[in-house]
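Tertiary structure, described
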Amino acid sequence: MKRAFTLIELLVVIAIIAILASMLLPALNKARERAKMAQCASSHKQVMQAQILYSNDYGNYMIWKAGNGRPFSGVLSGGVWNYDSSTRTQTFTREGQFPEYIPFSARQTFQCPLSGSYRRKDYANWNTNGFYTALYEENAAYKNMKELTGDFYVKGPGNFGGYALSRIKRPSELHLYADTSLQNTSYAAYYWRAEYAGDSSVNGGGIWMGHGGKAQVSFVDGHTATLTLGQIQQLPMKPKQFISETFVRFAARY
């Protein structure tokens, strides 16, 4: 004759299951986080490889913004992105001017899978990880770093902004590309600056320390790394503007 569970025995079993679940969930969350970090690193490598291919085709220059104002994401994917936030739909207009180094179908490559932009599938041209721009700091941070890094930033004609690879002195130490975010929001920013804190938006942007207090950054030579604030501070660019994991902007001190 089979004996039924008593209420106490059933409660004990439930308690044991709850304890096991509480032990396993953090491990599963960490594994999920590591997978997303690996995906982010892979995306960085793809973007930098696209930039290297672009430089091979266009006079040894990498691109931040085209003369017509198109950001690097549109240039490297060969077209114009338009995102309608009300319907959450995305359209793409192919341009013949640039090759399709990264297919539009892989546009999420330009965003960190941990960012709010990625989770909301808001793949706007401007809502991506960011490349460094020297705008507004030519006489400050950029001027101070040139001795170590070389005078590599190029402006014009039109809105063109890019990087002359032949002028770069330390390509394995010059991190042009980084996970970025705006202040007070989880949306990404398509640029970052070393020092300049002002911005047309009250949110502002900076390097995002979104990987457990670390940031994914990529270098001119194509390699990528997940670095702590202290490690980034040791690099020749000496960036000051950062966004914490909780989207608060802060300035690093040197």
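Relevant structure appears above.
Notes on the structure in this doc start here. (Residues numbered from 1 in each chain as written. Predicted model: local features only at pLDDT ≥ 70, side-chain atom pairs only at ≥ 80, totals over all residues. Heavy atoms only, no water.)

A closer look at the sheet that holds strand S14 (residues 249–251)
What counts is decided by this rule: Two strands are said to pair when DSSP picks up at least two bridges between them. Secondary structure elements are taken from DSSP: a helix is a run of H or I of four residues or more, a strand is a run of E of two residues or more, and numbering for both begins at the N terminus. Working convention: axes come from line fits to C-alpha atoms, limited for helices to the stretch in contact. Angles between N-to-C directions cover 0 to 180 degrees.
Pairing is mixed across the open sheet formed by four strands, whose spatial order is S8-S10-S13-S14. Edge positions in the sheet fall to strand S8 (180–182) and S14, since each of these pairs with one other strand and no more. Between one strand axis and the next, the sheet turns through 50° on average, direction left out of account. Where strand S13 (residues 241–243) lies against S14, three bridges are found, and the strand directions are antiparallel. Looking at S14, one finds that Phe 242 is bridged to Phe 250.

Describing the environment of Ser 42
Summarising the element assignment, Ser 42 is placed in helix H1 (residues 7–57). Separated by 176 residues in the primary sequence, Ser 42 and Ser 218 have C-alpha atoms spaced 11 Å apart.

Examining the packing of aromatic side chains
Condition: Note on aromatic pairs: the rings of Phe, Tyr and Trp (six-membered ring only in Trp) are paired at centre separations within 6.5 Å, and the planes decide the class, stacked below 30 degrees, edge-to-face beyond 60, tilted for the rest. Burial classes follow relative accessibility: with a 1.4 Å probe on protein chains only, a residue under 20% of its type's maximum area counts as buried, one over 50% as exposed, and anything between as partly exposed.
For the structure shown, the criterion picks out 24 aromatic pairs. Judged by centre distance (6.3 Å) and plane angle (50°), the ring pair of Tyr 132 and Phe 152 falls under tilted. One end of the pair, Tyr 132, is in strand S4 (residues 130–132); the other, Phe 152, is in the loop between helix H4 (141–149) and strand S5 (153–155), with 20 residues separating them in the sequence. Of the residues examined, Phe 152 reaches a relative accessible area of 0% and is grouped as buried.

Some points on the sheet that holds strand S6 (residues 161–164)
Where strands meet in a sheet, backbone hydrogen bonds hold them as pairs that are either parallel or antiparallel. The sheet built from three strands is open, its strands ordered S1-S6-S5 with antiparallel pairing. Only two strands of the sheet have a single neighbouring strand rather than two, namely strand S1 (61–65) and S5. Going across the sheet, the axis of each strand differs from the next one's by a mean of 30°, ignoring polarity.

Examining the pairing of strand S2 (residues 79–84)
In this structure, S2 lies alongside strand S3 (residues 89–94), joined through six bridges in antiparallel fashion. Paired with Tyr 83 across the bridge in S3 is Gln 90. Count of turn residues in the S2/S3 antiparallel hairpin: four residues, of which Arg 88 carries a positive phi of about 55°.

Everything listed here is a matter of geometry and, on its own, says nothing about what the molecule does.
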